[in-house]
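# Descriptive structure summary
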Amino acid sequence: MPDPAGWLDLPPDRMRELGHQVVDLVVDHLTGLRDQPVRTLATQDELRHVLDEPVPEQPTDPGALIAFLTAEVLPRSLRLGHPGCLAFIPSANNFLGVLGDLLAAGFNTSPGAWPVGAGPAAVELVTARWLAGLLGLPEGSGGVFTPGGALANLTALAAARDDRLGPDATGGVLYCSDQTHPAVLRACHVIGLRQEQVRILPAMDPDMVRREVHADRTRGLRPFLVLANAGTTGTGAIDPLPGLVALCRDERLWLHVDGAHGAAAALTERGRKALRGLDEADSVVIDPHKWLFQPYEIGCVLVRDPDVLHRAFTIDRFRAQTGYLALSRPAEAETNLSDHGVQFTTASRALKLWLSLKGFGVAAFRAAIDHGLDQADHVAARVRESPELDLVAGPALGIVCLRHRGGTDDLQAAICRDVNEDGRTLIATTTVDGALALRLCTINPRTTQADLDRVLAAIVDAGRARS
Ligand SMILES: *Cc1c(COP(=O)(O)O)cnc(C)c1O
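So, here's what we can say about the structure.

Criteria and thresholds
- Residues numbered from 1 in each chain as written.
- Predicted model: local features only at pLDDT ≥ 70, side-chain atom pairs only at ≥ 80, totals over all residues.
- Heavy atoms only, no water.
- Pairing = 2+ DSSP bridges.
- Helix = DSSP H or I, 4+ residues; strand = E, 2+ residues; numbered from the N terminus.
- Axes fitted to C-alpha atoms, helices over the stretch in contact; angles between N-to-C directions.
- Contact = heavy atoms within 4.5 Å.
- Phe/Tyr/Trp six-rings, centres within 6.5 Å; stacked < 30°, edge-to-face > 60°.
- Buried < 20%, exposed > 50% of the residue type's maximum accessible area, 1.4 Å probe, protein only.

### What to know about the sheet that holds strand β11 (residues 435–441)
- Read across the open sheet, the 4 strands follow the order β8-β9-β11-β10; overall the sheet is antiparallel. Only two strands of the sheet have a single partner each, and these edge strands are β8 (389–396) and β10 (428–432). Each adjacent strand pair in this sheet contributes to an overall mean axis angle of 35°, direction not counted.
- Looking at chain direction, β10 and β11 are connected through 5 bridges and run antiparallel. For A428, the partnering residue across the bridge sits in β11 and is R439.
- Running at roughly 160° to β8, helix α14 (residues 362–385) makes contact with β8, β9 (399–404) and β11 of the sheet.
- Across the sheet, helix α15 (residues 409–420) is in contact with β9, β10 and β11; its angle to β11 comes to roughly 30°.

### Remarks on the packing of aromatic side chains
- Throughout the structure, instances matching the rule amount to 1 aromatic pair.
- Judged by centre distance (6.2 Å) and plane angle (40°), the ring pair of F293 and F365 falls under tilted. Of this pair, F293 sits in the loop between α11 (288–291) and β7 (299–303) while F365 is found in helix α14, placing the two residues 72 residues apart along the sequence. Across this residue pair, the class does not change: F293 and F365 are buried.

### With respect to the sheet that holds strand β6 (residues 283–286)
- Read across the open sheet, the 7 strands follow the order β1-β7-β6-β5-β4-β2-β3; overall the sheet is mixed. Only two strands of the sheet have a single partner each, and these edge strands are β1 (142–146) and β3 (198–201). For this sheet, the mean angle separating the axes of adjacent strands, direction not counted, is 20°.
- Relative to β3, strand β2 (residues 172–177) runs parallel, the two being bridged by 4 bridges.

Geometric values such as these leave the question of function open.
Structure follows, in structure tokens:
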């Protein structure tokens, strides 16, 4: 039996040794990604030895366990940071971000309450302020970090519902397009909006939305929010933000912009142009674990008026006995971030973003994002030149959709399978205007033009072989 004071302790030398083992494994992984397959599939049977393990009552050597995780568990997955991964939204994390997470876990302080984690809270506040500034939101804007875009959208929608509809959301109506991310529609469900309160339109043409709003008002309903996409996940499409800004101003509606994927493009000059109007939104979601190259998890919701978050989420609204929290009450002018969102205790998520924004400098981020836009332009130019390919969507915010000319949906699906077979590439399909298309998301800065040319050549070859 170990010393009772140290049941869960390790000798300092052993801690260092294990820590170095982990750091070495992570560095090997990150620097060796290109030599690994982009995805390693595993069946349930192949993971039986993980799934069926009994509860480990007795200790096992942690060095061996770390080796097991990195040999048997972590590799059996999609490598979203692999330069050949063009499916989903690739996530090319950066090493400073990884170290930020290690520091956050190691020091394990929570930024939620100022008297509990003043320093980390200050980092959250300033990092959110930087993001707001980078997106062009006015001075005084701010927000909170969340585990990801799903919770960031949920936070914004709940606050907007409270602000515009008050305690009773009956008759409230929200407008969005059918390209809205399912996690966002789920957030609508979670905040208690019924299906008939979520008007899903085929497009966010401002005149059409205005007609819907007027019709709903005539029916005695209470339109309160327009949900715009700044980069749909499917095609990178941007809803017409300037027109929706004007509509929301005229009709006194809350404008929420889901920029989980695309808002980061505002760090570049052409992205800022494409996203004109984003800076007029009442709330914006950005997902730093996508196009700001952070390790999972980190999302962010930004609002023009942070008091809206406070009014919606302050624990004082709820009739709980909270005497035990007296020690965590902030002084005047200090902020308790746990009063600004859904979560209570949180990890110091902003540390990784702070560390990488400062460590590399924002200019490096702008260049990396610009590169992703260039890569999508390059793919689109090649597709336009090709007599065998058709460009069907984009390039938009790092996403390009194309089809093999004249082929059926089945042919596109078969091409996708063929291209992915070599293990160095993963592309996806999506539906554009009712037809299946090949979808390439080019935002990983480690993906080279040669990688993309190889993928396009493979698409053409697969198409030829099959038609
Ligand atoms: C990824 C994404 C989400 C969901 O964000 P998570 O970080 O996966 O929770 C929401 N909206 C859009 C547009 C996205 O691309």
